[in-house]
Amino acid sequence: MTKCSNENSDRQDLCRDNYFARQARIIPAIKRKEAKKQATVAARSVLKLAAATAGEDLPLAKRQAALARRLMLKYNVRFGWELKRFYCHGCKQLIVPGVNARVRVSAGKVLTTCANCGRVNRKSLPQA
Ligand SMILES: [Zn+2]
């Protein structure tokens, strides 16, 4: 079932047309596996873009990161540490070192302090 927003009637019409076209098998529905592949690519690129944008426009970057996170949650996409570290574990918002986060190394751990909520996100370094 297609989700339609009520605010925009043009968009709603388009959405409804797509729904009936799909029912009539004019437009095939995307398979879940394919959708996940596309979501992975999109979420990764949007999060990388957000990290790059954060220096200039932090509110925009936060919206981009929230979008990437929604995609990630909807399609069970997993990020590696390289991308996961851009989210605060406490407030789930974008944190970028040097913009709204402080990074310190102490006792074999990377400590990233979030400037939004003050949470310290810890990551153990591999033992040498
Ligand atoms: Zn936080």
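In this report, the structure presented in the accompanying data block is examined. On a predicted model such as this, the values are computed, not experimentally measured, just so you know.

## So, the overall build of the protein chain
Here's step 1: Within the protein chain, the secondary structure is distributed over four helices and three strands.
Here's step 2: Residues counted as buried form 17% of the 128 residues belonging to the protein chain.
Here's step 3: Here the contacts in the protein chain between residues at least 6 apart in sequence split such that 40% fall between residues at least 24 apart.

## Overview of the pairing of strand β2 (residues 109-114)
Here's step 1: In this sheet, β2 lies alongside strand β1 (residues 101-106) in antiparallel orientation, the contact comprising six bridges. In the sheet register, V105 faces β2, and the bridge partner there is V110.
Here's step 2: With antiparallel pairing between neighbouring strands as the criterion, β1 and β2 make up a hairpin whose turn holds two residues, including A107 at a positive phi of roughly 50°.
Here's step 3: Examined bridge by bridge, β2 and strand β3 (residues 120-124) share five bridges and lie antiparallel to one another. Its bridge partner being in β3, V110 is matched across the sheet by K123.
Here's step 4: Joining the antiparallel neighbours β2 and β3 is a turn of five residues, in which G118 adopts a positive phi near 85°.

How each quantity is defined
Within any chain, residue numbers begin from 1 and follow the written order of that chain's sequence. Local features in a predicted model are, by the rule used here, given only for residues with pLDDT of at least 70; side-chain atom pairs are given and counted only at 80 or more, and totals for whole chains, interfaces and linings are based on all residues. Only runs of H or I of at least four residues qualify as helices and only runs of E of at least two qualify as strands under DSSP, and these elements are numbered from the N terminus. Here a residue counts as buried when 20 or more other C-beta atoms fall within 10 Å of its C-beta, as exposed when 12 or fewer do, and as partly exposed in between; the C-beta atoms come from the backbone. Here, residue contact means that the backbone-derived C-beta atoms of the two residues sit within 7 Å. At least two DSSP bridges between two strands are needed for those strands to be called paired.

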